[in-house]
Amino acid sequence: MLKVNDLHKSYQVGKTTYEVLKGVSFEIKKGEFVAVMGPSGSGKTTLLNCISCYIPADRGSIMLGKTELASLSQEQLATVRNKELGFVFQDFLLLDGLSVRDNILLPAIIGGSVDPDTERRADELCRIFGISDIREKYPAEISGGEKQRTAVARALINRPMMILADEPTGNLDSKSSRAVIDSFLQARQAMGATIFMVTHDSFAASFCDRAIILRDGQVWRSLERGDMDRTAFQDTLLDSVREMGRE
Amino acid sequence: MKNFTEIYARLRRRSLKQYGLLTGCCFFSVLLITSYACMMRSPTILNVLPEGGDSRKQVMMIFVLAVIGCAVFTLYAASLFFRYKSRETGIFLALGARRSQLRRQLMGELALMALGSCAAGAVLGGPLAMGLWQLFRLAVVDTEEMALSFDIQSYGIALAFSAFVTVALFILGRRSVMKTNIIDIIQESRKSEPIHDVPRWYGWGGIAMLALGGFLGYIAPVVFVRGLHW
Ligand SMILES: Nc1ncnc2c1ncn2[C@@H]1O[C@H](COP(=O)(O)OP(=O)(O)O)[C@@H](O)[C@H]1O
Ligand SMILES: [Mg+2]
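The present account deals with the structure reproduced in this document. (Residues numbered from 1 in each chain as written. Chains lettered and ligands numbered in written order. Predicted model: local features only at pLDDT ≥ 70, side-chain atom pairs only at ≥ 80, totals over all residues. Heavy atoms only, no water.)

### Details of the overall build of chain B
Counting secondary structure elements, chain B contains eight helices and zero strands. The C-alpha radius of gyration of chain B comes to 22 Å, more than 25% above the 17 Å expected for a compact globule of 230 residues. Referenced to the eigenvectors of the C-alpha coordinate spread, the extents of chain B come out at roughly 65 × 45 × 30 Å. Counting all 230 residues of chain B, 38% fall into the buried class. Here chain B displays about 13600 Å² of accessible surface, and carbon together with sulfur accounts for 69% of that area. Here chain B holds 24 positive side-chain charges and 13 negative ones, and the gap between their average locations is 14 Å. (Helix = DSSP H or I, 4+ residues; strand = E, 2+ residues; numbered from the N terminus. Rg over C-alpha atoms; globule rule 2.2 N^0.38 Å. Buried < 20%, exposed > 50% of the residue type's maximum accessible area, 1.4 Å probe, protein only. Areas by Shrake-Rupley, 256 points an atom, 1.4 Å probe, with all protein chains shown as cover. Lys, Arg positive; Asp, Glu negative; His and termini not counted. Charge placed at Lys NZ, Arg CZ, Asp CG, Glu CD.)

Here it is as structure tokens:
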């Protein structure tokens, strides 16, 4: 589904070059729910922005399905972002001037006009994520958790190959975080969504099938949950974080 | 059923304040410049102010200042408007909109706003000049030969200023769509501009500047005409 190979990215600040990603490689299979963890500044957001093609990578390859993203034109990238990827941001990034329902329909509207089928899917997503009652409200009138569930629904409306989420629970309290994580789990169960989530929260990561831990711009460790229960997996993750801190 | 144009119309309805502000600023600028031009180019006034005389030059100078002032005012209003719109643009881009798609929508809106406000300003500028002039005749002096007549040239000036406003809106709008960076928008809140305390003296400073501006405006023509022999 997604195959990242030897990805390099550096930022130029004044005369100094900071190498943030130093050869990151991994693979994500269809239907997997994967967390990317790592200390602040380890390059998680940079990695995600490269996969979204919001910033160009210096070197390496990103294959989404059979498409090499680096070889696409701006127009083609826009189409990939619209049709093949779904985005969930830390700050929700809903349009304040549109109702919850119109926000959810937005990617479909950008990609062309909306047929009754898509509208039905929007309502179905609202139902699954428990936001049916607030469909006609505006973002200013709903809670952070509801905003993020709206954003997850928006990310799913075009049936993308994959959802990319950067710290989706970063601005939420623990109860709302749980609701957003549940919406990811429901999305995977109900429509087989593939989810790639950046987080530094081991609680959020413990719901995933796998956690990729970044350190100094490289994949330091990849941990499978296997048949561990959630709390055991969270303990494993915490142990790894602690171990990284000790070194 | 729903399409991009409709979504834009919805967004517009929810931010009437921003649209109104920009349209209003353009309208007032064009209105002011048109009525000033009508007044200044009127044969009635030109008869009273002799060609090459100091008074004629003073009126001219103040007119140029008014044009510059209105131009800066309009550009500032436009930049505020486009800064407001850039969040929407960034979100659209992040979700896979093409810049050309956004540009088309924005240009349509701008064309309506610019043409509407400029036309209204240019049409109402004449009556405004006339009204002010009649007020002046009623309250200050009134003689036979003071009936105000208009010169077609003043509408040329109004047209030129309207063209400037329209072109400026198009250029700034286009640039805003082409330059908006997705990363800047999605990381906006994390590098939010620190809000500085506004010191008390800003208020008094502003009032002092107002007085200073008025005073400079008053003496500038004298300095230029008498002192520099323009
Ligand atoms: N646009 C940029 N210009 C310069 N340096 C940047 C830029 N964006 C991120 N960085 C730096 O790259 C490093 C990794 O950042 P980031 O990917 O945001 O890490 P994370 O999301 O894991 O906290 C940080 O040290 C950060 O300061
Ligand atoms: Mg980050």
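### With respect to the interface of chain A and chain B
With 29 residues of chain A in contact, the opposing surface of chain B contributes 27 residues. Of the roughly 2600 Å² buried at the junction of chain A and chain B (both faces included), carbon and sulfur atoms supply 60%. Our count for the contact surface shared by chain A and chain B stands at two salt bridges. Residues A:Asp102 and B:Arg10 are paired through a salt bridge, measuring 2.4 Å at the closest nitrogen-oxygen approach. Here chain A is connected to chain B by six residue pairs in polar contact (both at pLDDT 80 or more). In terms of residue count, helix 3 (residues 100-110) of chain A provides more of the side of chain A that touches chain B than any other element does, six residues in total. Here the residues of the side of chain A that touches chain B sort into 15 nonpolar, six polar and eight charged. (Contact = heavy atoms within 4.5 Å. Buried area = accessible area lost by both parts, 1.4 Å probe. Salt bridge = Lys/Arg side-chain N within 4 Å of Asp/Glu carboxyl O. Polar contact = N/O pair within 3.5 Å; in protein donor to acceptor, adjacent residues only side chain to side chain. Nonpolar A, V, L, I, M, F, W, Y, C, P; charged D, E, K, R; others polar.)

### Quick word on the site of ligand 1
Residues and elements named next belong to chain A. Tyr11, Val13, Val20, Pro39, Ser40, Gly41, Ser42, Gly43, Lys44, Thr45 and Thr46 make up every residue found near ligand 1. Within the backbone of Gly43, one N or O atom sits 3.1 Å away from an oxygen atom of ligand 1. Within the contact set of ligand 1, an oxygen atom lies 2.9 Å away from a backbone nitrogen or oxygen of Lys44. Elements with a minimum of two residues in the shell around ligand 1: strand 1 (2-13) and helix 1 (44-51). Broken down by element, the shell around ligand 1 gets its largest block of residues, three residues, from helix 1. Across the shell around ligand 1, the residue classes break down as four nonpolar, six polar and one charged. (Near = heavy atom within 4 Å.)

### Let's talk about the packing of helix 2 (residues 16-41) of chain B against helix 6 (residues 152-179) of chain B
All names here are of chain B. Following both chains from N to C, one finds helix 2 and helix 6 inclined at 160°, their axes separated by 8 Å at the closest point. On the basis of their axis angle, the class for helix 2 and helix 6 is roughly antiparallel. Every pair of crossing elements has a handedness; the one defined by helix 2 and helix 6 is right-handed. Facing helix 2, whose interface residues are Leu22, Cys26, Ser29, Val30, Ile33, Thr34, Ala37, Cys38 and Arg41, helix 6 presents Gln153, Ser154, Tyr155, Ile157, Ala158, Phe161, Ser162, Val165 and Leu169. (Axes fitted to C-alpha atoms, helices over the stretch in contact; angles between N-to-C directions. Parallel < 35°, antiparallel > 145°, perpendicular 65-115°, else oblique. Left-handed = near helix turned anticlockwise from the far one by under 90°.)

### Section: the pattern of salt bridges
All names here are of chain A. Under the defined criterion, the tally for this structure stands at 20 salt bridges over all chains. As a salt-bridge pair, Asp6 and Arg59 come within 4.0 Å of each other at their nearest N and O atoms. Here the residue Asp6 occupies a position in strand 1, and Arg59 occupies one in strand 4 (residues 59-64), the gap between them amounting to 53 residues. Note that Asp239 and Arg242 form a salt bridge whose closest N and O atoms lie 3.0 Å from each other. Taken together, the positions of Asp239 and Arg242, both in helix 8 (residues 230-246) and three residues apart, correspond to about one turn of that helix. Residues participating in the shared-partner salt-bridge network are Arg101, Glu119, Asp123 and Arg135.

### Side note on the packing of aromatic side chains
By convention here, two paired aromatic rings are described through the distance between centres and the angle between planes. Per the stated rule, a full pass over the model turns up 15 aromatic pairs over all chains. With centroids separated by 5.2 Å and ring planes inclined at 85°, the aromatic side chains of A:Phe203 and A:Phe207 adopt a geometry described as edge-to-face. What makes A:Phe203 partly exposed here is its relative accessible area of 25%. A cation over a ring is seen here: A:Arg230 above A:Phe207, with NZ or CZ 5.1 Å from the ring centre. The ring of A:Tyr138 has B:Arg14 sitting right over it, with the charged end atom 3.5 Å from the ring centre. (Phe/Tyr/Trp six-rings, centres within 6.5 Å; stacked < 30°, edge-to-face > 60°. Lys NZ or Arg CZ within 6 Å of the ring centre and 35° of its normal.)

Take it as geometry only, folks, not as evidence of what the structure does.
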